[in-house]
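Structural features, examined
The lines below spell out each chain.
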Amino acid sequence: MSLRDALRIPARDVTDEAVYRDRRRIVAGLAASGALGLSGCAKADAPAAPPAAKIDPARMRAGFTTAEPRTTWQDATTYNNFYEFGTGKGDPSKAARTLRTRPWTVAVGGHCAKPGRIGLDDLLQGLTPQERVYRHRCVEGWSMVIPWLGVPLGDVLKRFKPTSKAKYVAFTTLADRAQMPGLGYPALDWPYREGLRIDEAMHPLTLLATGLYGKPLPQQNGAPLRLIVPWKYGFKGVKSIVAITLVEHLPFTSWNDQAPDEYGFFSNVNPNVDHPRWSQKTERRIAGTGSKLFADRIPTRLFNGYAEQVGSMYAGLDLRKWF
Ligand SMILES: Nc1nc2c(c(=O)[nH]1)N[C@H]1C(S)=C(S)[C@@H](COP(=O)(O)O)O[C@H]1N2
Ligand SMILES: [Mo]
């Protein structure tokens, strides 16, 4: 049985943890039996960006907000994915109370002229948080509309003066067992890591979020600092960031490493590229917890509806191969 076949387990609902755990077991079993030719072979870098296209500023700004109904604070803060605090949707809002978000330092390094470990206030000094109302689409098939507060990641990165060798940006979440009970389980190869190509990182839509609904970010949403990339699946939005590293080669990214056939490096929202175990054509907009957790399914849009703002970064890219 190939890894791909092993991972293709029928899922009643894609968020089902049992399915996920099963998959871990099967993969572990295969690894033990030597069936997986998993070696430490280096991954090829993702295709470089085509020359930057000029996007009309008014059209760019049109992506900064949406008139769609907002997900309630209650739903956005009690239906979460933050595996460091458990794999159930309701776990993080309870368990993440142990996360201390002050003082907080971020190590910025790699290919830049001014690396350093810097306190959160200094990192954001002089940058005014902006409100961005973005669609938020999880690869599992649910979505929300969230008013984030944050600063463009590009404005922060510029301060460290990236060099021409900085082709990607790598992000790392805190991994402290004393504060994060979920780290006791090998759900992922901790710490949680994610990455972007440099042009994606510098894109005006890409946000370092510090707040939600005009309030500081709750712990379960990734306080005090998390990434938001609205045209990508939610798992790219790494939470509680402690390191940002400018790197030359494709960085390790947690979900892509865990199941490369299921979670691409780019992971741009795309209704035409199904997940191996479920369709991505539609999504459930979260609306009301409890008995009425999900509203009707709505169509999923290419680049989560931000094609006009981000599409040119992927011109010429085979979106099936480089999903
Ligand atoms: N460190 C860390 N970051 C993470 C996750 C996680 O488990 N750990 N889950 C990701 C996933 S799958 C999604 S959909 C979003 C969920 O963000 P939210 O809970 O604020 O909606 O966070 C992403 N960032
Ligand atoms: Mo997700």
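Everything here concerns the structure above.
Residues numbered from 1 in each chain as written. Chains lettered and ligands numbered in written order. Predicted model: local features only at pLDDT ≥ 70, side-chain atom pairs only at ≥ 80, totals over all residues. Heavy atoms only, no water.

1. A few points about the overall build of the chain
We apply this condition: Strands are runs of DSSP state E lasting at least 2 residues, helices are runs of H or I lasting at least 4, and numbering of each runs from the N terminus. Each residue is assigned to one of three classes by its accessible area relative to the maximum for its type, calculated with a 1.4 Å probe on protein chains only: buried under 20%, partly exposed between the two thresholds, exposed over 50%. Any two residues whose heavy atoms approach within 4.5 Å at even a single point are treated as in contact. Per-residue accessibility takes into account occlusion by the displayed protein chains alone, with areas from the Shrake-Rupley method and a 1.4 Å probe.
Each helix and strand counted, the chain has 10 helices and 12 strands in total. A burial count over the chain gives 51% of its 323 residues as buried. Long-range pairs, those at least 24 residues apart, make up 72% of the contacts in the chain with a sequence separation of at least 6. Accessible area of the chain: about 14,600 Å², with a carbon and sulfur share of 55%.

2. Some points on the environment of K239
Note the following rule: Here a polar contact is taken to be a pair of N or O atoms separated by no more than 3.5 Å, where protein atoms must pair a possible hydrogen donor with a possible acceptor and residues adjacent in sequence count only if both atoms sit in side chains.
Along the chain, K239 falls in the loop between β9 (226-228) and β10 (241-247). Given a relative accessible area of 8%, K239 falls into the buried group. A C-alpha to C-alpha distance of 9.3 Å links K239 and R193, two positions 46 residues apart in sequence. Residues within four places of K239 in sequence aside, it is in contact with N80, N81, F82, T173, Q220, N221, G222, L225 and R226. Polar contacts involving the side chain of K239 include one to the main-chain carbonyl oxygen of N81, which spans 2.8 Å.

3. Brief notes about the site of ligand 1
The condition is simple: Throughout, near means a residue has at least one heavy atom within 4 Å of the molecule or strand. Three classes are used, and their members are as follows: Ala, Val, Leu, Ile, Met, Phe, Trp, Tyr, Cys and Pro are nonpolar, Asp, Glu, Lys and Arg are charged, and the others, Gly among them, are polar.
The environment of ligand 1 is formed by 17 residues, the closest being N80, Y83, E84, H136 and K239. Summarising the interface, the protein chains cover 98% of the accessible area of ligand 1, which totals 530 Å² for the free molecule. Of the residues contributing to the shell around ligand 1, the split by class is seven nonpolar, seven polar and three charged.

4. Here's the deal with the layout of surface pockets
The condition that has to hold: Whether a set of points on the 1 Å grid over the protein atoms alone is a cavity depends on a 1.4 Å probe fitting there but being unable to get out, while an open set qualifies as a pocket with protein on both sides within 12 Å along at least five of seven lines; lining residues are those with an atom within 4 Å of a point. Grid points are joined across faces, edges and corners, and a volume is the space filled by probe spheres set on the points.
A volume near 340 Å³ is recorded for the second largest pocket. If you trace the second largest pocket, you find 17 residues lining it, with A52, A53, I55, H203 and P204 closest to the centre. For the lining of the second largest pocket, the secondary structure elements donating two or more residues are α3 (57-62), α8 (198-202) and α10 (307-310). Here the residues of the lining of the second largest pocket are counted per class, giving 12 nonpolar, three polar and two charged.

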